[in-house]
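Chain residues, written in single-letter form:
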Amino acid sequence: MARGLQFTGVLLAGGRSQRMGRDKALLTLAGGDPLWQWQLEKLHSLGLAEVVVSGPSRPGFPPGLRCLADAYPGHGPLGGLGTVFDACPQRPVLVLAVDVPRISAGFLNALLTGSSFEVGRVPKVAGHYEPLVAVYPPSARSFARRALTSGCLRLQDFAQSLVNAGSVLPYDVPRSEWADFVNWNRPEDLPPDAP
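What comes next is a walk through the structure. Here the structure is a predicted model, which is why all the values come from computation and not from measurement.

## Details of the packing of helix 2 (residues 76-87) against helix 4 (residues 140-150)
- Relative orientation of the contacting elements helix 2 and helix 4 amounts to 140°, with a least axis distance of 9 Å. Between helix 2 and helix 4, the interaxial angle falls into the category oblique. Crossing angle aside, the handedness with which helix 2 passes helix 4 is left-handed. Seen from helix 2, the contacting residues are L78, G79, G82, F85 and D86; seen from helix 4, they are A140, R141, A144, R145, A147 and L148.
- Its residues assigned to classes, the contact of helix 2 with helix 4 comprises 6 nonpolar, 2 polar and 3 charged.

Shown next, in the form of structure tokens:
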């Protein structure tokens, strides 16, 4: 069995895109493809058991693509992760934020290779975790529920709690790859050739 079949892939695309001023998932790349399509293709290339989207359906989504409605509105990115963990409890999940287009399929595959059913991986860049490009085991669900219930919504704290418990291991990203984690949050973050 291919290694990817042990995991569910999730494109995180449920944010409100307030700083961008328009839906980041619908931003188009220089070639004309929407950002959501670019990111979904990376996930599909990994041979995962299932690929779903955390967020609403968008124009052009493939028929049958499973989209998860936010189960924790108003709880930010951790609410999105909690939604994923509740909806996909059977397998570890590989999550990929829609707004980090420079993350490669090769990097995602490295995260999968270093993960198992019991232990995931979270990238660490310049001393900070990148919890929206990570692999989480099913046990992460209880950590998310606890954080959401208590109102502790900081993703860094959530990731650290999983690392402290041994449920997730840090993946130290080499300095040469730090730029791959730059996300498109505001119009000024877009490359000059972006439409």
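## A short note on the environment of L12
- If you trace the backbone, L12 turns up in strand 1 (residues 8-12).
- Put simply, L12 and L68 are 56 residues apart on the chain and 9.7 Å apart in space, counted from C-alpha to C-alpha.
- Apart from the residues lying within four places of it in its own chain, the contact partners of L12 are S54, L81, V84, V95, L96, A97, V98 and L132.

## Here we look at the packing of aromatic side chains
- One pass over the full model with this rule turns up 6 aromatic pairs.
- Ring centres of W36 and F61 lie 4.6 Å apart, and the angle between their planes is 70°; this geometry places the pair in the edge-to-face category. Of the two residues, W36 is situated in helix 1 (residues 35-44) and F61 in the loop between strand 2 (50-54) and strand 3 (67-68); the sequence distance between them amounts to 25 residues.
- The exposure class of W36 is buried, given its relative accessible area of 5%.

## Some points on helix 5 (residues 155-165)
- Within helix 5, burial applies to L155, F158, A159, L162 and V163. Down the axis of helix 5, the smallest arc covering the buried residues is 135°, so these residues share one side.
- Looking at the buried positions of helix 5, the neighbouring elements they touch are helix 2, strand 5 (120-125), strand 6 (128-129), strand 7 (133-136), helix 4 and strand 8 (168-172).
- Once helix 5 finishes, G166 follows within two positions and takes phi at roughly 80°, a positive value.

Scoring rules and cut-offs
Residues numbered from 1 in each chain as written. Predicted model: local features only at pLDDT ≥ 70, side-chain atom pairs only at ≥ 80, totals over all residues. Heavy atoms only, no water. Axes fitted to C-alpha atoms, helices over the stretch in contact; angles between N-to-C directions. Helix = DSSP H or I, 4+ residues; strand = E, 2+ residues; numbered from the N terminus. Parallel < 35°, antiparallel > 145°, perpendicular 65-115°, else oblique. Left-handed = near helix turned anticlockwise from the far one by under 90°. Contact = heavy atoms within 4.5 Å. Nonpolar A, V, L, I, M, F, W, Y, C, P; charged D, E, K, R; others polar. Phe/Tyr/Trp six-rings, centres within 6.5 Å; stacked < 30°, edge-to-face > 60°. Buried < 20%, exposed > 50% of the residue type's maximum accessible area, 1.4 Å probe, protein only. Arc of directions from axis to C-beta.

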